[in-house]
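# Descriptive analysis of the structure
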Amino acid sequence: MSTYLLVHGAWHSGQCWERVVPLLAAAGHRVLAPTLTGYGDTAHLAGPEVGLDTHVDDIVGLITEEDLTDVVLVGHSYAGLVIAATTNRVPERIAQLVYLDAMDPEDGESAADVMPVVQGWIDQAVTSESGWRIPPPDVMPPPHGLFGVTEPADVEWLRSMLSDQPVRCLQQPVRLDNPAVNAIPRTHIHCVANVPEGITRRPVPAIQPNGSPSQVWELATGHDCMVTMPGELTELLLKLG
């Protein structure tokens, strides 16, 4: 039995993994899909003080409270920052890192450094009435839809779980100064269909920090593959368990 810890991205909640969790569990694994502070049923806790550090504390706290070890730590989108910084703090508890269509930072980088389009969202938030809220994006015409989700029923389900994004999450830099992080194997899963204009992905180096060849898999779907291709995503994740 492996332990999968699934971390959602910006605007989302742990509910987005609803179609993946039972598939991993049916294969005999333990699965946790928490909601980070400020989203979903904790949206009332969102505020200008909620940042990347808050979410790293959420995940480190869960790992230590549940005494999790040999964790397959999966981060979607913005949560690439979260899982990287989490591993910097508790590398001895992490067996695998999975960057699921996710930001992959270097030490000292923020979300805007990893993906420059984010700076426009930050600028809009800090000059808005609230000074910190980034509303969820609007639904785009097909084939983009909402985070790559286009089926009307799925779009409505997804919209029901989205919350405003605190801008501090995208401003705070990631701390990656623990050499033990480099020994942990990592896998990148890229969603390669219908990528919106302006969204760029860094090339994955041919060699991982641990010296092994990089492992990059692709899914022919949009960004929220846990909604659109839960079975295919689960098959890939099970290869790591």
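Okay, so let's go over this structure. (Residues numbered from 1 in each chain as written. Predicted model: local features only at pLDDT ≥ 70, side-chain atom pairs only at ≥ 80, totals over all residues. Heavy atoms only, no water.)

## Some details on helix H6 (residues 152–161)
Looking at H6, one finds that the buried residues are Asp154, Val155, Trp157, Leu158 and Met161. Buried residues in H6, looked at end-on, bunch into an arc of 165°, giving them a common side. Exposed positions of H6 whose direction lies more than 90 degrees from the buried face are Pro152, Ala153 and Ser160. Buried residues belonging to H6 abut helix H8 (225–228). (Buried < 20%, exposed > 50% of the residue type's maximum accessible area, 1.4 Å probe, protein only. Helix = DSSP H or I, 4+ residues; strand = E, 2+ residues; numbered from the N terminus. Arc of directions from axis to C-beta. Contact = heavy atoms within 4.5 Å.)

## Here's the deal with the packing of aromatic side chains
As enumerated under the stated definition, the model contains 2 aromatic pairs in all. Both rings, one in Trp11 and one in Phe147, keep their centres 5.8 Å apart while their planes meet at 40°; by these two values the pair is tilted. Placement of the pair is Trp11 in the loop between strand E1 (3–7) and helix H1 (21–26) and Phe147 in the loop between strand E5 (133–134) and H6, with a sequence separation of 136 residues. Members of the aromatic cluster, each reached through a chain of ring pairs, are Trp11, Trp121 and Phe147. For Arg19, the ring lying beneath its charged end belongs to Trp157, and the centroid distance is 4.8 Å. The aromatic ring of Trp217 is capped on one face by Lys239, whose charged end is 5.2 Å from the ring centroid. (Phe/Tyr/Trp six-rings, centres within 6.5 Å; stacked < 30°, edge-to-face > 60°. Lys NZ or Arg CZ within 6 Å of the ring centre and 35° of its normal.)

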